[in-house]
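# Residue-level structure breakdown
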Amino acid sequence: MGRAVTVATCALNQWALDFEGNLERIFRSIDIAKSRGARYRLGPELEICGYGCSDHYYESDTLLHSFQVLAKLLESPATQDIICDVGMPVLHRNVRYNCRVIFLNKKILLIRPKISLANAGNYRELRWFTPWSKARHVEEYFLPRIIQEVTGQETVPFGDAVLATKDTCLGAEICEELWAPNSPHIEMGLDGVEIFTNSSGSHHVLRKAHTRVDLVNSATAKNGGIYVLANQKGCDGDRLYYDGCAMISMNGETVAQGSQFSLDDVEVLVATLDLEDIRSYRAEISSRNLAASRVNPYPRVKVNFALSCSDDVAVPTCMPIQWRHHSPEEEISLGPACWLWDYLRRSKQAGFLLPLSGGIDSSATACIVYSMCHQVCLAVRNGNADVLADARRIVNDETYVPEDPREFCKRIFTTCYMASENSSQDTCNRAKLLAEQIGSYHINLNIDAAVKAIVGIFSMVTGRMPRFSVYGGSSRENLALQNVQARIRMVLAYLFAQLTLWTRGMPGGLLVLGSANVDESLRGYLTKYDCSSADINPIGGISKTDLKNFIQYCIENFQLTALRSIMSAPPTAELEPLVDGQVAQTDEADMGMTYAELSIYGKLRKIAKAGPYSMFCKLINMWKEISTPREVASKVKHFFRMYSINRHKMTTLTPSYHAENYSPDDNRFDLRPFLYNTTWSWQFRCIDNQVSKLEKKEGISLAEDMD
């Protein structure tokens, strides 16, 4: 009868401008799809060149090399007898489009340009591409000669059309179009399209996966149909980690789920589904059928090919499954770990160095590296030859097999406790014990000699000796002396990263890891060019609250008992003198706000788009049980003063794993001035006026109650 169709989707770890590697991974996914009986294969958005090419999209080379890769795909026997749907940039009439190129047996069937471009947050597609604005319109695209020589075609359809095979009808969406309020699948479904495809370049954000899954399932819950989603995975050259989650859904239910985090460069999902289930599902939705009778038809590209076999009655079809979501703690353990592995192997360095202070942030960073080592050993145990080859190259041993995470950690991870006269023995012991439990190569050193040398030079030149405030110094002196310690640690971190392996008779250098969390960055509670300045930072997009929960997760899942004392200790920079041998300085006292409050400020500032006045208005209701309007006003003013005074630090922020939607990353996600009028005079006056009104109103209410 021809009713059971077999389709494949994939998650590929593509890399921007790695045309050779990208082609190899595309071929591998097609081979796997064909071996599992698929007749249609969908890949991620812009998979040929890699999604993150940024301003390289302007270059004609990027277009040229993309067509060269397409020619290789078209002429290969591997792509015969399967509809292949690949992504690449295409220049049509001197306008650049983000496109799907769909081909079969050396013939291009359709080039489908993206209609809704992603242009918020981390995405800047309107900078490089133009959306296709001609709904249900198709034009002739004149193929470059390199493609004509393979296909024998001079022109192919270009535009908003669908494919009509011998047994069904397919329509394409591209990433953002699923999220748009007027998604194409709505009208396509009403016009009889039964299989919707979506090629995505969607990145990981904590607690986001369920949103994507819900959108895919809801796309066919109201209208019926099969929805096939492909996604990029891994780090393709910047702060984002694309988190896979390829999936196939039918009639509102998931039938195939891909992994969100893994070290597999190629992951293919295949599902066999019954077209009659779509037709019977749609048959009883009268509102859908009435709307379908009035819909404007899409241009159809006829394809002399079927996704099913003529005799398929006995072919088993896939059943619905329950999607398994990771907890936020699991996401922190796995996402940044996979991002670190991609960065390490692609940068061709020999490992990482982390200044380990014995506090929550650096300890959480160390745990993420340890989790990465777990993932590497697990992948090798499961037969991943790519991971094994990368591990051998990193440790410079062609016979090495990573089996024990602690042993692998010893080879590729160096931790360093940099003590000063202001450091406590407690933090030193915590750092040492954690290093022992994860297996890192640990160094203890003291920076006092370097600090005294730097301050001595200043004293010799100026004739003045700065003092800490506890010894009678001013706040300027106190802060300067703290900053000297912090910056010396950064210099030493890079020195040891470059030469530690040399002293051990090993080749290569180490990547320096930073460990400033998203809340500290937002508040500016860090020294510019201190240990927050590093090569990369796996926790820079994660809140302090989530990191504490992650530490608890590591205690329970990795049996890292050293973390218990780290969890119970108050966060401290340990840059001011000890009092009776004990730490007197704490982060929250220094900041003038708690980490929990910082997270709330961050979400209101970025996600809720609140300025000082709007934030005050929201918080007087949120905190009405614990703070008066005047107290709320004081807190909001203090936050915005500190945020604006320190915003300049964001311009030099270490590239960080993006995990939160309130990240203050100045590179492209959170675009703000870095020179503010820090008095906020107009905004704060509005707050003060509102406080006066509220207090006056409260006074009237109290007087009435007394009467």
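Residues numbered from 1 in each chain as written. Predicted model: local features only at pLDDT ≥ 70, side-chain atom pairs only at ≥ 80, totals over all residues. Heavy atoms only, no water.

What the chain contains, in helices and strands, is 24 helices and 20 strands. On C-alpha atoms alone, the chain measures out to a radius of gyration of 29 Å, which is about the 27 Å that the 2.2 N^0.38 rule sets for 707 residues. Along the first, second and third principal axes, the C-alpha atoms of the chain reach 90 × 85 × 50 Å. Pairs at least 24 apart in sequence give 74% of the contacts found in the chain among residues at least 6 apart. A total accessible area of about 29,100 Å² is found for the chain, and carbon and sulfur atoms account for 53% of it. Averaging the coordinates of the 75 positive side-chain charges in the chain and doing the same for the 81 negative ones gives two points 4 Å apart. (Helix = DSSP H or I, 4+ residues; strand = E, 2+ residues; numbered from the N terminus. Rg over C-alpha atoms; globule rule 2.2 N^0.38 Å. Contact = heavy atoms within 4.5 Å. Areas by Shrake-Rupley, 256 points an atom, 1.4 Å probe, with all protein chains shown as cover. Lys, Arg positive; Asp, Glu negative; His and termini not counted. Charge placed at Lys NZ, Arg CZ, Asp CG, Glu CD.)

What follows is about the pairing of strand β4 (residues 95-104). Burial analysis of β4 places nine of its ten residues in the buried class, which makes it a mostly covered element. With nine bridges connecting them, strand β3 (residues 83-92) and β4 associate as antiparallel partners. Within β4, the residue paired with Pro89 across the bridge is Asn98. Here β3 folds back onto β4 in antiparallel fashion, the turn holding two residues, of which Arg93 has a positive phi close to 55°. (Buried < 20%, exposed > 50% of the residue type's maximum accessible area, 1.4 Å probe, protein only. Pairing = 2+ DSSP bridges.)

Per the UniProt record, "domain: CN hydrolase" (unreviewed entry) is found at residues 5-275. Along residues 5-275 one finds 25% helix and 34% strand; the C-alpha atoms at either end are 7 Å apart. (UniProt positions renumbered as here; feature names shortened; annotations may be inferred.)

Attention now moves to a nonpolar patch on the surface. There is a patch of nonpolar side chains on the surface, built from Ile454, Ile457, Met460 and Val461 and spanning about 440 Å² of accessible area. Here Ile457 lies in helix α15 (residues 448-462). (Patch = residues over 30% accessible without salt bridge, like charges linked within 9 Å, V, L, I, M, F, W, Y side chains within 5 Å. Salt bridge = Lys/Arg side-chain N within 4 Å of Asp/Glu carboxyl O.)

For the rest of this paragraph, the subject is the packing of helix α11 (residues 360-381) against helix α13 (residues 405-412). Closest axis-to-axis distance for the α11/α13 pair is 9 Å, and the angle between their directions is 120°. Judged by the angle between their axes, α11 and α13 are oblique. In this structure, the crossing between α11 and α13 has a hand that is right-handed. Of the residues in α13, those in contact with Val369, Tyr370, Met372, Cys373, His374, Val376 and Cys377 of α11 are Pro405, Arg406, Phe408, Cys409 and Ile412. Taken together, the residues that form the contact of α11 with α13 break down as ten nonpolar, one polar and one charged. (Axes fitted to C-alpha atoms, helices over the stretch in contact; angles between N-to-C directions. Parallel < 35°, antiparallel > 145°, perpendicular 65-115°, else oblique. Left-handed = near helix turned anticlockwise from the far one by under 90°. Nonpolar A, V, L, I, M, F, W, Y, C, P; charged D, E, K, R; others polar.)

The strand order across the open sheet built from four strands is β19-β18-β17-β20, with neighbouring strands paired in parallel fashion. Unpaired on one side and paired on the other, β19 (441-446) and β20 (511-512) mark the two borders of the sheet. Sheet topology note: the strand β17 (residues 352-355)/strand β18 (residues 413-419) ladder contains four bridges and is parallel. Its bridge partner being in β18, Pro355 is matched across the sheet by Cys416. In the packing of α11 onto the sheet, contacts are made with β17 and β18, and the angle to β17 comes to roughly 160°.

The next point concerns α11. Along its 22 residues, α11 runs 31 Å from first to last C-alpha, staying within 8% of the 32 Å computed at 1.5 Å per residue. In terms of residue burial, α11 counts as a mostly covered element, since 19 of its 22 residues are buried. Just downstream of α11 lies Gly383, where phi reads positive at about 90°. (Expected span 1.5 Å × (residues − 1).)

For side chains bearing opposite charge, pairing can occur when the charged atoms are close. By the definition in use, this model includes 35 salt bridges. A salt bridge links Arg212 to Asp243; its shortest N-O distance comes to 2.9 Å. One end of the pair, Arg212, is in helix α7 (residues 209-221); the other, Asp243, is in strand β12 (residues 242-243), with 31 residues separating them in the sequence. The same class applies to Arg212 as to Asp243, namely buried. The salt bridge partner of Glu330 is Arg324, with a shortest N-O separation of 3.2 Å. Judged by its relative accessible area of 16%, Glu330 is buried. Each of Arg605, Lys606, Arg647, Asp670 and Arg672 takes part in one network of salt bridges that share partners.

A separate point is the packing of aromatic side chains. With the rule as written, the count across this model stands at 27 aromatic pairs. Put simply, the rings of Tyr601, Trp623, Phe639, Phe640, Tyr643, Tyr676, Trp680 and Phe684 touch in pairs and so form one group of aromatic residues. Sitting over the face of the ring of Tyr441, Arg504 holds its NZ or CZ atom 3.7 Å from the ring centroid. One cation-aromatic arrangement involves Lys606 over Phe669; the distance from NZ or CZ to the ring centre is 4.5 Å. (Phe/Tyr/Trp six-rings, centres within 6.5 Å; stacked < 30°, edge-to-face > 60°. Lys NZ or Arg CZ within 6 Å of the ring centre and 35° of its normal.)

Before going further, it helps to spend a moment on the nonpolar core. Proteins that are soluble and globular tend to have nonpolar side chains buried together. Within the largest apolar cluster, 64 residues are counted, with the highest numbers of intra-cluster contacts made by Trp341, Phe352, Phe408 and Phe413. Apart from the residues lying within four places of it in its own chain, the contact partners of Phe413 are Phe352, Leu354, Ala366, Val369, Ile438, Ser440, Tyr441 and Leu513. If you look at the next biggest cluster of nonpolar residues, it comprises 50 residues, including Cys10, Ala71, Ala78 and Leu240. (Core = buried A, V, L, I, M, F, W, Y, C linked by side-chain atoms within 4.5 Å.)

Attention now goes to helix α21 (residues 595-607). For α21, which comprises 13 residues, the first-to-last C-alpha distance of 18 Å matches the rise-based estimate of 18 Å (1.5 Å per residue) to within 8%. All buried positions along α21 are accounted for by Tyr595, Glu597, Leu598, Ser599, Tyr601, Gly602, Leu604, Arg605 and Lys606. Here the buried face of α21 lies against α17 (518-523), α18 (544-557), α20 (587-591), α22 (612-622) and α23 (629-646). Lys609 sits one or two residues past α21 and shows a positive phi near 55°.

With that settled, consider the side chain of Asn231. Its place among the elements puts Asn231 in strand β11 (residues 226-234). By relative accessible area, which is 0% here, Asn231 ends up buried. Only 3.0 Å separates the side chain of Asn231 from the backbone oxygen of Gly244, close enough to count as a polar contact. Excluding anything up to four places from it in sequence, Asn231 contacts Cys10, Ala11, Leu12, Pro44, Ser200, Gly201, Ser202, Arg212, Asp243 and Gly244. (Polar contact = N/O pair within 3.5 Å; in protein donor to acceptor, adjacent residues only side chain to side chain.)

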